[in-house]
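Structure at a glance
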Amino acid sequence: MLHGIDVSSYQSETYDTDGLSFVFIKATEGRSYVNPKLSAQTKRGRDAGLVVGFYHFLWPGNLTEQAEHFVSEAPEKQGDILAVDWERTGSGTRASNAEKDRFIRKVKELRPHNKVVLYCNRDFWLNVDTTSYAGDGLWIADYVTAGKPRIKADWRFHQYTDDPLDKNVADFSSGSALREWAGA
């Protein structure tokens, strides 16, 4: 298992990269929000030689506009990974299954050379998702032993804790295997 973290504007621009193989950075949310630390957090990951991913917090509605906003703000580099964060918004709403699927497909259309994955928690995967469409791979959140999410589906990334920050593992045999899968 490879180790990584995910960060947003709540985390430092100089997050610790020791022992990590990858980082996912929040890029955007909805149709207008951009992480103010996106550039600095990206530079930190790239300077450390990590595989870098970017995620978009999906809101219901305006899927094309959200996808265009995401790809216009997320840095574009061969080998980067793009992700959609599908969960409930602060107001309790969520994108539908069809909207989640359309968003992933639109991002893949706009960035055909980058892998696009779905991030969701175990409850969403088991009880909300009806299509099992995760683009190029599933990034599952389930706060249990690292690498042992309680799902039967294949997964690529597992977020296993948020204490003291979001920690993840990736199901790849080596850093080079992850880079090859990502297209770097």
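Above this text sits the structure in question.
Heads up: these notes are all about the structure in this document.

Calculation notes
- Residues numbered from 1 in each chain as written.
- Predicted model: local features only at pLDDT ≥ 70, side-chain atom pairs only at ≥ 80, totals over all residues.
- Heavy atoms only, no water.
- Pairing = 2+ DSSP bridges.
- Helix = DSSP H or I, 4+ residues; strand = E, 2+ residues; numbered from the N terminus.
- Buried < 20%, exposed > 50% of the residue type's maximum accessible area, 1.4 Å probe, protein only.
- Arc of directions from axis to C-beta.
- Contact = heavy atoms within 4.5 Å.
- Core = buried A, V, L, I, M, F, W, Y, C linked by side-chain atoms within 4.5 Å.
- Phe/Tyr/Trp six-rings, centres within 6.5 Å; stacked < 30°, edge-to-face > 60°.
- Lys NZ or Arg CZ within 6 Å of the ring centre and 35° of its normal.
- Salt bridge = Lys/Arg side-chain N within 4 Å of Asp/Glu carboxyl O.

Focus: the pairing of strand β9 (residues 166-170)
Here strand β1 (residues 2-7) runs beside β9; their pairing, made up of five bridges, is antiparallel. Note that in β9 the partner of Leu2 across the bridge is Ala170. Sheet topology places strand β8 (residues 157-161) next to β9; four bridges connect them, and they run antiparallel. Its bridge partner being in β9, His158 is matched across the sheet by Val169. Following β8, the chain reverses through four residues before pairing antiparallel with β9.

Some remarks on the pairing of β1
For β1, a buried count of five out of six residues is recorded, marking the element as mostly surrounded by other parts of the structure. For β1 and strand β2 (residues 22-29), the ladder comprises four bridges, and the chain directions are parallel. From the neighbouring strand, Asp6 faces β2, where its bridge partner is Phe24.

Let's talk about helix α1 (residues 38-47)
Along α1, the positions that sit buried rather than exposed are Leu38, Gln41, Thr42 and Gly45. Buried positions in α1, seen along its axis, are confined to an arc of 100° and lie on one side of it. Across α1 from its buried face, at more than 90 degrees, point the exposed residues Ser39, Lys43 and Asp47. Of the surrounding elements, those touching the buried residues of α1 are β1, β2, β3 (33-34), β4 (51-57) and α2 (63-73). Gly49, located one to two residues past α1, shows a positive phi value of around 80°.

Describing α2
All buried positions along α2 are accounted for by Leu63, Gln66, Ala67, His69, Phe70 and Val71. Buried residues in α2 make contact with β2, β3, β4, β5 (81-85) and α3 (97-110).

Let's talk about the nonpolar core
Core analysis: the largest hydrophobic core is formed by 38 residues, its most contacted members being Phe54, Leu118 and Leu138. Core analysis: the next-biggest nonpolar cluster, separate from the first, contains 17 residues, Phe24, Trp139, Trp181 and Ala182 among them.

Notes on the packing of aromatic side chains
Taken as a whole, this structure holds eleven aromatic pairs when the rule is applied. An angle of 75° between the planes, with centres 6.0 Å apart, marks the rings of Phe22 and Phe24 as edge-to-face. An identical accessibility class is assigned to Phe22 and Phe24; each is buried. Measuring from centroid to centroid gives 6.1 Å for Phe157 and Phe172, while their planes differ by 50°, and the two rings are tilted. Separated by 15 residues along the polypeptide, Phe157 in strand β8 and Phe172 in the loop between β9 and α5 (175-182) bring together distant segments of the chain. According to the relative accessible area criterion, Phe157 is buried, its value standing at 0%. With a relative accessible area of 8%, Phe172 lands in the buried category. Pairwise contacts between aromatic rings join Phe22, Phe24, Tyr55, Tyr119, Trp139, Phe157, Phe172 and Trp181 into one cluster. The lysine or arginine in question, Lys100, covers the ring of Trp86, its NZ or CZ lying 5.1 Å from the ring centre. The side chain of Arg105 reaches across the aromatic face of Tyr133, ending 4.0 Å from its centre.

Remarks on the pattern of salt bridges
Tallied over the full model, the rule gives ten salt bridges. When salt bridges that share partners are traced, they join Lys100, Asp101 and Asp129 into one network.

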